[in-house]
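A look at the structure
Residue strings, one per chain:
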Amino acid sequence: MRIETLAVHAAYSVDPATGAVAPPIHLSTTFGRDEAGVPLAGHTYIRESSPTQDLLEEALARLEGGEAALVFGSGMAAGLAVVQALPPGSHVVLPDDAYYGYRVAARDFFPKWGLEATFAPLDRPGALEAALRAETRLVWLESPSNPLLKVTDLARAASVARAAGALVLVDGTFATPILQRPIELGADVVLHATTKGMGGHSDVAGGALVFAARGELLEKVRHVRTVLGAVASPFNSWLVLRGLRTLAVRARVQSETALTVAKALEAHPGVSKVNYPGLGSHPGYDVARRQMSAFGSMISFHVAAGREAAIAAVGRARLFTRATSLGGVESLIEHRATSEGEASTAPPDLVRLSIGLEHPDDLVADLDAALRT
Ligand SMILES: *Cc1c(COP(=O)(O)O)cnc(C)c1O
């Protein structure tokens, strides 16, 4: 079955008990047992598993081409559950442009967990090889990355990591499984902040891990989730499942619009550089064309006149909403260094855009007016 069809149908059709075409939300925190003490439907307590969360996990596993999925209360909780499943003494390699929350986690929590981290420009050939150590247990990849839209050759990086005996995690939040399929490229686990494109409407927080195979890693991470408690609520699971149903059309239209906006920005005299993997000028263009079916809804660009001009341009936007986050139906604009705060490595002249479902002409006109001084 093709991914558009899976997005609509995976994990649920009609409820045999009621005939309901839309899936139910089961809010129950506890689940009954028979006379012998056996759980009636496999569930016991909400922190272990619940029916609506199960539906979302099954749908995600099918969409991403994995054997199993686990969902969490946030993208941070999902990613860090993999890290927390590593033995103390492990070394983790991450991209220098990893989502800033994970950089903060590596700085403030990895040492307490007995872990070491190396950040390297993993979009460049040879950088991963140089960062690996005998104790490297996990190679963390993110492509396209946040906020510089760097593109890493996932198949190549995965085979280097695998040869070194390390697990491969790909943060696929920017691409979604509609545009890029990391498990087919060699990833052991794919991470999504479902808060973003999967939820798709800026109204739900969540995270997900999809595992290429059932096995030890899945069970260790499940243990972290159950004991440390970072489960997704039934309502949030339901909202993400609802978002998945329209993900394929949203991802395609947002990618087309983003390419139009990126080209307009590249031609704009007020802009010194545009980071979008769908532009021929992007250093990762060829790799992106190979491993993505379209280039996604995220763009960042550098304002020629520098930091103050970038902040002023963001302030003049009328149609773009000034806010962080991404993947919703409304287009967002932010001065990225301001949003990230003290841990930011974002260039001071960088503006980040999340492209929504508005008409591209209106978005280009808004940016043109905002960049005019
Ligand atoms: C937002 C985001 C996360 C973290 O997700 P939360 O739901 O905010 O915890 C992780 N990775 C990427 C690429 C993100 O954009």
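Residues numbered from 1 in each chain as written. Predicted model: local features only at pLDDT ≥ 70, side-chain atom pairs only at ≥ 80, totals over all residues. Heavy atoms only, no water.

Ranked by internal contacts, the top residues of the largest apolar core, which has 77 residues, are Leu60, Leu244, Leu265, Val274, Ile299, Phe301 and Leu353. The leading source of residues in this core is helix H10 (residues 247-266), at 7 residues. Structurally, this core is a two-domain feature, drawing no fewer than three residues from each of domain 1 (3-243) and domain 2 (248-371). With residues near it in sequence (within four places) discarded, Leu244 still touches Ala7, Leu56, Ala59, Leu60, Leu63 and Met198. Formed by 28 residues, the second largest nonpolar core is a distinct cluster that contains Tyr102, Leu115, Leu209 and Val221. (Core = buried A, V, L, I, M, F, W, Y, C linked by side-chain atoms within 4.5 Å. Buried < 20%, exposed > 50% of the residue type's maximum accessible area, 1.4 Å probe, protein only. Helix = DSSP H or I, 4+ residues; strand = E, 2+ residues; numbered from the N terminus. Domains from an automatic or database assignment. Contact = heavy atoms within 4.5 Å.)

Once that is clear, we can look at the packing of H10 against helix H14 (residues 360-371). One way to put it is that H10 packs onto H14 with a least axis distance of 9 Å and a crossing angle of 30°. The angle between H10 and H14 falls in the class roughly parallel. Viewed along their axes, H10 and H14 form a crossing whose handedness is right-handed. Across the interface between the two elements, Thr257, Thr260, Val261, Ala264 and Leu265 from H10 touch Pro360, Leu363, Val364, Leu367 and Leu371 from H14. (Axes fitted to C-alpha atoms, helices over the stretch in contact; angles between N-to-C directions. Parallel < 35°, antiparallel > 145°, perpendicular 65-115°, else oblique. Left-handed = near helix turned anticlockwise from the far one by under 90°.)

Here the structure, examined in full by the defined rule, presents 8 aromatic pairs. An angle of 65° between the planes, with centres 5.7 Å apart, marks the rings of Tyr99 and Tyr102 as edge-to-face. Of the aromatic side chains, those joined through ring pairs into one cluster are Tyr99, Tyr100, Tyr102 and Trp140. Taking NZ or CZ as reference, Arg225 lies 5.7 Å from the ring centre of Phe72, over its face. (Phe/Tyr/Trp six-rings, centres within 6.5 Å; stacked < 30°, edge-to-face > 60°. Lys NZ or Arg CZ within 6 Å of the ring centre and 35° of its normal.)

Inspection of the region around the ligand gives 15 residues, with Gly75, Met76, Asp171, Thr195 and Lys196 positioned closest. In this structure, an oxygen atom belonging to the ligand sits 2.8 Å away from a main-chain N or O atom of Met76. Interatomic distance of 2.7 Å between a side-chain N/O atom of Thr195 and an oxygen atom of the ligand. Contact with the protein chains removes 91% of the 380 Å² of surface that the ligand exposes when unbound. The class makeup of the residues in the shell around the ligand is 6 nonpolar, 6 polar and 3 charged. (Near = heavy atom within 4 Å. Polar contact = N/O pair within 3.5 Å; in protein donor to acceptor, adjacent residues only side chain to side chain. Areas by Shrake-Rupley, 256 points an atom, 1.4 Å probe, with all protein chains shown as cover. Nonpolar A, V, L, I, M, F, W, Y, C, P; charged D, E, K, R; others polar.)

All quantities given are derived from atomic positions and should not be read as evidence of function.
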